[in-house]
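Inside the fold
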Amino acid sequence: MKIVVDWDRCEANGVCVRAAPESFRLDDKDQLHVLTETVPPELRAKVDKAILGCPKQALSLSED
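Keep in mind that this is a model prediction, so the values were computed, not measured.

Re the state of the cysteines
All chains considered together, the criterion is met by 0 disulfides. Here Cys-16 is not cross-linked by a disulfide; its sulfur's nearest cysteine counterpart is in Cys-10, at 6.4 Å.

Quick look at unusual backbone geometry
Unlike most non-glycine residues, Ala-12 shows phi in positive territory, near 50°. Within the secondary structure, Ala-12 is located in the loop between β1 (2-5) and α1 (15-19). Relative accessible area serves as the criterion here: at 17%, Ala-12 is assigned to the buried category.

Quick notes on the side chain of Ser-23
In this fold, Ser-23 is placed in the loop between α1 and β2 (24-26). The exposure class of Ser-23 is buried, given its relative accessible area of 0%. Non-local contacts of Ser-23, meaning those with residues more than four positions away in its chain, are made with Ile-3, His-33, Val-34, Leu-35, Thr-36, Leu-43 and Val-47.

What counts and how
- Residues numbered from 1 in each chain as written.
- Predicted model: local features only at pLDDT ≥ 70, side-chain atom pairs only at ≥ 80, totals over all residues.
- Heavy atoms only, no water.
- Disulfide = S-S within 2.5 Å.
- Helix = DSSP H or I, 4+ residues; strand = E, 2+ residues; numbered from the N terminus.
- Buried < 20%, exposed > 50% of the residue type's maximum accessible area, 1.4 Å probe, protein only.
- Contact = heavy atoms within 4.5 Å.

In structure tokens form, the structure reads like this:
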């Protein structure tokens, strides 16, 4: 599974970073960076939480 970001919707509010810091990061300019594009099994629950918690529904998963 791969993380997909709808950049038109993303406001980089950091909910995903708090839910899954191993997979998402905000830089000094509040730009979102995906650290683990392909989600390893051990991070799936955290990434799912980040996706569900995104207030703008800007995150999703797609098949590889």
